[in-house]
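Structural description and commentary
Spelled out, the chains give:
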Amino acid sequence: MRVAIVGASGAVGQELLRILAERDFPVDDLVLFGSTRSAGRLYNFKGKDYEVKLLQHNDDFKGVDIAFTSAGAGTSKEFADTITKYGAVMIDNSSAFRMDDDVPLVVPEVNAADALKRPRGIIANPNCTTIMMVVVLEPIEKLSHIKKIHIASYQSASGAGAAAMKELEQQYKEMVEQGHVTTINKFPHQLAYNVIPQIDKMTPNDYTKEEMKMYNETRKIMHSDVRTSATCVRVSSLRSHSESVWFETEKPLSVEEIREALKVAPGVTVVDDPQNYVYPMPLESAGKDDVYVGRIRKDLADDNSNTLWLTGDQIRKGAALNAVQIAEYLIKEGDVK
């Protein structure tokens, strides 16, 4: 198995290396690619150092079986043909192809089989907030069709990459040392001691691109007509996203039904004893594989609705882990050898 990682020096690229090692993914040969800034760097994988090669339009992907790409939508679009030219399966972590009809958008716990139909050799990894939400909602969908979803997300700095995490740490340092922040590059406003009710650019309907991703991607992944309305907020935690989710089903569901379905759902851990202050928090879900769920309760405003709270590691399940799980599924199905 020859595996490539495009964007190896980024937060997701580094997480991919860790997860491939942790899960003992069958890597016989590893090839790392990056920009001019990262070309030449060395990264250790299972005791061996690998040098990052400059990503170019050449034959470097000849013989590659699976290519994990996490270098931004522009890079993915520019190099897709180069990457897939010799038959490599491109598992792309950017937004470049997610809504293309001929590119499957896959969360293995929900629609793994979609990955087997990829006419362009590309499989898209969904947006992080969408991934975590559908992992939790799919078991509930099996109990009763979900008609509407309302979400308020609380997204950490990690969602904007490694540089954004460093910027948040720098802002807190500046606040302590000089009483004000001077470093504001990755976000439109100061994030330290603040929340920013905007993630990604605004669209003409005043929803952000992040919020519209949740609307469109959820329908594609779940093969559903569900309608989703989101408000995505950047919060000053370093890693792991959280979401407060209200959902309306065709028939009323009890809290007990939902809790029991989630307890046996793949990729979900239920942490739900609110009377004793037990519920999932991003500090605890950081570095973990599962999506953690709690605060499961009836919606007081709608008899057919319930609400829950979830949190998960954006860099792991929200990005790198989901991509690796897609590749593991392909291997299991004998689709990649």
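Computed from a prediction, not measured in an experiment: that's the story for all the values here. Along each chain, residues carry numbers from 1 onward, in the same order as the chain's sequence is written. Only residues with pLDDT of 70 or above have their local features reported here, since the model is predicted, and side-chain atom pairs are shown and tallied only from 80 upward, although totals for entire chains, interfaces and linings are computed over all residues. Hydrogens and water are ignored here; the side-chain numbers use all heavy atoms of the structure.

Before going further, it helps to spend a moment on the overall build of the chain. Strands here are runs of E lasting at least two residues and helices are runs of H or I lasting at least four, both read from the DSSP assignment and numbered beginning at the N terminus. The helix and strand tally for the chain stands at 9 helices and 13 strands. The size measure is the radius of gyration over C-alpha atoms, and the globule rule it meets is 2.2 Å times the number of residues to the 0.38 power. Scaling as 2.2 N^0.38, a compact globule of 337 residues should have a C-alpha radius of gyration of about 20 Å, and the chain matches this with 20 Å. Its C-alpha atoms give the chain principal-axis dimensions of roughly 60 × 55 × 40 Å. In what follows, a contact means two residues having at least one pair of non-hydrogen atoms within 4.5 Å. Partitioning the intrachain contacts of the chain with sequence separation of at least 6 by distance along the chain shows that 66% fall at a separation of at least 24. When charges are counted, neither His nor the chain ends are considered; positive counts come from Lys and Arg and negative counts from Asp and Glu. A single reference atom marks each charge: NZ on Lys, CZ on Arg, CG on Asp, CD on Glu. Charge-centre separation for the chain: the mean point of 40 positive side chains lies 3 Å from the mean point of 48 negative side chains.

The residue aspartate 299 is located in the loop between strand S12 (291–298) and strand S13 (305–312) in this model. Note on classification: 1.4 Å probe, protein chains only; a residue is buried when its accessible area is under 20% of the maximum for its type, exposed when over 50%, partly exposed between these limits. Each reported salt bridge corresponds to a side-chain nitrogen of Lys or Arg within 4 Å of a carboxyl oxygen of Asp or Glu. Among buried Asp, Glu, Lys and Arg side chains, aspartate 299 stands out as unpaired, with arginine 297 the closest opposite charge at 8.1 Å. Beyond its immediate sequence surroundings of up to four residues, aspartate 299 is in contact with Trp246, Ser305 and Asn306.

One recurring pattern in soluble globular proteins: nonpolar side chains tend to sit buried together. Take the buried Ala, Val, Leu, Ile, Met, Phe, Trp, Tyr and Cys residues and link them wherever side-chain atoms come within 4.5 Å; each set so joined is a nonpolar core. Core analysis: the biggest nonpolar cluster contains 52 residues, and Phe61, Leu137, Ile140, Val245, Leu262 and Leu308 have the highest contact counts within it. Of the residues forming this core, the biggest block, 8 residues, is contributed by helix H4 (residues 128–141). Apart from the residues lying within four places of it in its own chain, the contact partners of phenylalanine 61 are Ala4, Val6, Phe33, Leu55, Ala67, Thr82, Ile83 and Tyr86. Among the nonpolar cores identified, the runner-up in size contains 35 residues, and Leu17, Phe45, Ala323 and Val324 belong to it.

Right, let's talk about helix H1 (residues 11–22) for a bit. Look at H1: 17 Å from first C-alpha to last across 12 residues, which is about the 16 Å you get at 1.5 Å a residue. Along H1, the residues classified as buried are Ala11, Val12, Gly13, Gln14, Glu15, Leu16, Leu17, Ile19 and Leu20. Those residues of H1 that are buried are in contact with strand S1 (2–6), strand S2 (29–34), strand S3 (42–45), strand S5 (66–69), helix H5 (162–178) and helix H9 (316–332). Trailing H1 by a residue or two, aspartate 24 shows a phi angle of about 50 degrees, which is positive. In this scheme, a helix's expected span is set at 1.5 Å multiplied by one less than its residue total.

A separate point is the pattern of salt bridges. Following the criterion strictly, the structure yields 23 salt bridges and no others. The residue aspartate 100 makes a salt bridge to arginine 120 at a minimum N-O spacing of 3.0 Å. With a gap of 20 residues between them, aspartate 100 in the loop between strand S6 (89–92) and helix H3 (108–111) and arginine 120 in the loop between H3 and strand S7 (122–124) connect regions that are remote in the sequence. Residue classification places aspartate 100 among the partly exposed positions, given a relative accessible area of 26%. Overall, the relative accessible area of 32% leaves arginine 120 in the partly exposed class. For aspartate 102, the salt bridge identified is with arginine 120, shortest N-O distance 3.0 Å. Of this pair, aspartate 102 sits in the loop between S6 and H3 while arginine 120 is found in the loop between H3 and S7, placing the two residues 18 residues apart along the sequence. Through salt bridges with shared partners, one network takes in Glu15, Arg18, Glu22, Arg23, Arg239, Asp289, Asp313, Arg316 and Glu328.

The strand order S9-S8-S10-S13-S12-S11 describes an open sheet built from 6 strands, whose pairing is mixed. Because the sheet does not close on itself, it has two edges, and the strands there are strand S9 (227–234) and strand S11 (268–270). Looking at each pair of strands side by side, their axes are set apart by 25 degrees on average, direction ignored. Sheet topology places strand S10 (residues 241–249) next to S13; 8 bridges connect them, and they run antiparallel. Across the sheet, residue histidine 241 finds its bridge partner in S13, namely glycine 312. Strands in contact with helix H6 (residues 209–222) are strand S8 (146–155), S9 and S10; relative to S9, the strand with the most contacts, it is inclined by about 145 degrees. Here an angle of 0 to 180 degrees is reported between the N-to-C directions of two axes, which are lines fitted to C-alpha atoms, with helices fitted over the stretch in contact. Sheet contacts for helix H7 (residues 255–263): S10, S11, S12 and S13; angle to S12, the most-contacted strand, approximately 170 degrees. Strand pairing requires that DSSP identify at least two bridges connecting the strands.

With that out of the way, let us pick up unusual backbone geometry. The phi angle at tyrosine 193 is positive, at roughly 55 degrees, despite the residue not being glycine. Within the element layout of this structure, tyrosine 193 appears in the loop between H5 and H6. Overall, tyrosine 193 belongs to the exposed group, its relative accessible area being 57%. Phi is positive for arginine 295, close to 50 degrees, though the residue is something other than glycine. Along the chain, the position of arginine 295 falls in strand S12. Exposure remark for arginine 295: the relative accessible area of 34% places this residue in the partly exposed category.

Residues Ile66 and Phe68 line one face of S5 and the alternating positions Ala67 and Thr69 line the opposite face, and both faces are buried. Of the strand pairs in this sheet, S1 and S5 are connected by 4 bridges, and their pairing is parallel. Looking at S5, one finds that valine 3 is bridged to isoleucine 66. Here S5 runs beside S6; their pairing, made up of 4 bridges, is parallel. Looking across to S6, one finds that phenylalanine 68 is bridged to isoleucine 91. Crossover handedness is defined here as right-handed if the route from the first strand over the helix to the second strand goes clockwise, with the strands pointing away from the viewer. Tracing the backbone out of S5, into helix H2 (residues 73–84) and back to the parallel element S6 gives a crossover that is right-handed.

Without other data, these values stay purely geometric and don't point to any function.
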